[in-house]
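One letter stands for each residue in the lines below.
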Amino acid sequence: MPDIAMQLTIEAAPETVYTAISTADGIHGWFTTTATAGEGVGSLRELEFPGVPGAWRLGVTEAEPGKRLVLAGQNGPWTGTEQIYEILSRPEGGVTLRFTHSGFPALDDAHRDFTYGWATKFVQLKRYAETGEPAPFFTA
């Protein structure tokens with residue numbers, strides 16, 4: 001099964017990056033303005049995208065504030081996939097965000113689209129975490 005694996009440096013505190021990926025307000029700041037996100041293990045998040053019928057649901061399976069968040073895809077094209085966000089403090093300041101999206105059934109066009117998609121979304125995440133200025137990729 002092919003995985004998507006990326007990492008980027010973000011000049012922000014670990015807690016700032018964690019809040020951006022783990023809360024509804026954070027997700028609204030860089031990803032999609034139509035999202036709900038429960039916090040903590042066992043909670044659910046729902047993400048909606050323009051032109052896509054229905055919300056994509058993910059369950060939180062691990063949550064370590066400022067360090068790690070793991071989400072399990074429950075429906076849509078992310079069914080059966082897992083997203084792992086690891087936030088690593090850097091000695092010189094800021095963090096390295098390591099991201100893995102695993103469990104795709106094939107290295108196909110959908111996998112390639114999601115790889116490109118995550119790269120473009122993480123540009124927005126970096127900007128939002130570093131400046132605090134919302135710039136969501138998808139807006140309602």
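Note: the structure precedes this text.
Described below are features of the structure shown in this document. Remember, predicted model here, so these are calculated numbers, not experimental data. (Residues numbered from 1 in each chain as written. Predicted model: local features only at pLDDT ≥ 70, side-chain atom pairs only at ≥ 80, totals over all residues. Heavy atoms only, no water.)

Here we look at the nonpolar core
Going by this rule: We call a set of buried Ala, Val, Leu, Ile, Met, Phe, Trp, Tyr and Cys residues a nonpolar core when their side-chain atoms join them within 4.5 Å. The cut-offs for exposure are 20% and 50% of the maximum accessible area for each residue type, with area from a 1.4 Å probe on protein chains only; residues under the lower value are buried, those over the upper are exposed, and the others partly exposed. Secondary structure elements are defined from DSSP: runs of H or I of at least 4 residues count as helices, runs of E of at least 2 residues count as strands, and each element is numbered from the N terminus. Any two residues whose heavy atoms approach within 4.5 Å at even a single point are treated as in contact.
Counting 33 residues, the largest nonpolar core has Ile10, Trp30, Tyr85 and Trp118 as its most contacted members. Sort the elements by how many residues they give to this core and helix H3 (residues 109–131) lands first, with six residues. The contact partners of Trp118, leaving out residues within four places of it in the chain, are Ile4, Met6, Trp30, Phe31, Trp78, Gln83, Tyr85, Phe99 and His101.

A closer look at the sheet that holds strand E6 (residues 82–89)
Rules: Each pair of strands is called paired provided DSSP finds at least two bridges between the two strands. Angles shown run from 0 to 180 degrees and are taken between the N-to-C directions of axes, each axis being a line fitted to C-alpha atoms and, for helices, limited to the stretch in contact.
Overall, antiparallel pairing links the seven strands, which are arranged E1-E7-E6-E5-E4-E3-E2 in an open sheet. Of all the strands in the sheet, the pair left with one neighbour each is strand E1 (4–10) and strand E2 (35–37). On average, adjacent strands in this sheet sit at an angle of 20° to one another, irrespective of strand direction. With six bridges joining them, strand E4 (residues 56–64) and strand E5 (residues 68–73) adopt antiparallel strand pairing.

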